[in-house]
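The residues making up each chain are set out below.
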Amino acid sequence: MRRARPGAPPRGTAERVLTSVGAGADFDKGRSTGQAEAAGTGYNSETSRLWHITLCVSGNEAPLTEVRRGLEQLAHDHPFLLTSRYANNHAEIRYWEEARDLHDAAAVALRLWGEHRSTSKLPPWEIVGLEVIDRDTYHQRIAEGYGPPPAAPVGVHPY
């Protein structure tokens, strides 16, 4: 039994060609916004959407009390922060971000740690993981039993 996308040619039988799509490309070109939404895309270039962000950071060990205090300050500074889990050498931050598209949501998420590092006194860790999914995908995963359960209790917690 072959495992592949439906309609995909068997491996090695066709040359793969990668193409680049510019940020903000209009995938529903030629359709009005109403037509795109009616077609089921749900994309409206004039409005923003909610994106569920999971940001993972890691680095050299830091005192747990300082990591917790920094994450609590980050939660205070960033009002959409849902929950943070931490240890002395890594942390995971989950929150909702409002953005026009995935590119914008990911860009904001990738800047979050660095921009708040000094004001929140966060450890000098690097981002080692990022997941950005739309609201519908998040709720579908939860309903199907995949992915992390909804962030509860909200706040900053040790692993």
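Residues numbered from 1 in each chain as written. Predicted model: local features only at pLDDT ≥ 70, side-chain atom pairs only at ≥ 80, totals over all residues. Heavy atoms only, no water.

(A) Up close: the sheet that holds strand 1 (residues 49–58). The strand order 4-1-3-2-5 describes an open sheet built from five strands, whose pairing is mixed. The outermost strands of the open sheet, each flanked by one partner alone, are strand 4 (126–134) and strand 5 (155–158). Recorded for the sheet is a direction-independent mean angle of 15° between the axes of neighbouring strands. Bridging between strand 1 and strand 4 involves eight bridges; their strand directions are antiparallel. Residue pairing across strands places Ser58 opposite Glu126, the latter belonging to strand 4. Running over the sheet, helix 3 (residues 102–116) touches strand 1, strand 3 (90–99) and strand 4 and is turned about 150° from strand 4. (Pairing = 2+ DSSP bridges. Helix = DSSP H or I, 4+ residues; strand = E, 2+ residues; numbered from the N terminus. Axes fitted to C-alpha atoms, helices over the stretch in contact; angles between N-to-C directions. Contact = heavy atoms within 4.5 Å.)

(B) How the structure looks around the environment of Pro124. Within the secondary structure, Pro124 is located in the loop between helix 3 and strand 4. Assessed through its relative accessible area of 71%, Pro124 is described here as exposed. (Buried < 20%, exposed > 50% of the residue type's maximum accessible area, 1.4 Å probe, protein only.)

(C) Just the pairing of strand 3, in detail. For strand 3, the buried fraction is high: eight of the ten residues fall into the buried class. Pairing geometry for strand 1 and strand 3, over ten bridges, is antiparallel. For Thr54, the partnering residue across the bridge sits in strand 3 and is Arg94. Bridge count between strand 2 (residues 81–86) and strand 3: five bridges; the pairing is antiparallel. From the neighbouring strand, Thr83 faces strand 3, where its bridge partner is Arg94. Where strand 2 hands over to strand 3, the hairpin turn is made up of three residues, counted between the paired strands.

(D) Examining the pattern of salt bridges more closely. Throughout the structure, instances matching the rule amount to seven salt bridges. Note that Glu72 is salt-bridged to Arg68, the shortest N-O span being 2.9 Å. Linking Glu72 with Arg68, this pair stays in helix 2 (residues 64–77), spanning four residues, or about one helical turn. According to the relative accessible area criterion, Glu72 is partly exposed, its value standing at 36%. Where salt bridges share partners, they join Arg100, Asp101 and Asp104 into one cluster. (Salt bridge = Lys/Arg side-chain N within 4 Å of Asp/Glu carboxyl O.)

(E) Broad picture of the nonpolar core. If you look at the biggest cluster of nonpolar residues, it comprises 23 residues, and the most contacted ones within it are Ile53, Leu71, Ile93, Tyr95, Trp113 and Trp125. At five residues, the largest contribution of residues to this core is made by helix 3. Once you skip the residues sitting within four places of it in the chain, Trp113 turns out to touch Leu55, Val57, Leu71, Ile93, Leu122, Pro123, Trp125 and Ile127. (Core = buried A, V, L, I, M, F, W, Y, C linked by side-chain atoms within 4.5 Å.)

(F) How the structure looks around the side chain of Asp101. Mapped onto the fold, Asp101 is located in the loop between strand 3 and helix 3. Within the structure, the side chain of Asp101 is placed 3.1 Å from the side chain of Arg100, a separation counted as a polar contact. At 3.3 Å, the side chain of Asp101 and the backbone nitrogen of His103 are in polar contact. (Polar contact = N/O pair within 3.5 Å; in protein donor to acceptor, adjacent residues only side chain to side chain.)

(G) Geometry of the confidence of the model for the chain. Averaged over every residue, the pLDDT of the chain is 77; residues scoring 70 or more account for 67%. Considering each helix and strand of the chain separately, the mean pLDDT is smallest for helix 1 (residues 33–38), with a value of 40, and largest for strand 4, with 97. The low-confidence segment residues 1–44 (pLDDT under 50) makes 26 contacts with residues lying over four places distant or belonging to another chain. (pLDDT = per-residue confidence, 0-100.)

(H) Just the packing of aromatic side chains, in detail. Under the criterion given, the structure shown has two aromatic pairs. With a centroid separation of 5.1 Å and 80° between ring planes, the pair formed by Trp96 and Tyr138 is classed as edge-to-face. Of this pair, Trp96 sits in strand 3 while Tyr138 is found in helix 4 (residues 135–143), placing the two residues 42 residues apart along the sequence. When sorted by exposure, Trp96 lands in the same class as Tyr138, which is buried. Pairing Trp113 with Trp125 gives two aromatic rings, centres 6.2 Å apart and planes at 5°, and the pair type is stacked. Of the two residues, Trp113 sits in helix 3 while Trp125 sits in the loop between helix 3 and strand 4, which places them twelve residues apart along the sequence. Here Trp113 and Trp125 have matching classes, each one buried. (Phe/Tyr/Trp six-rings, centres within 6.5 Å; stacked < 30°, edge-to-face > 60°.)

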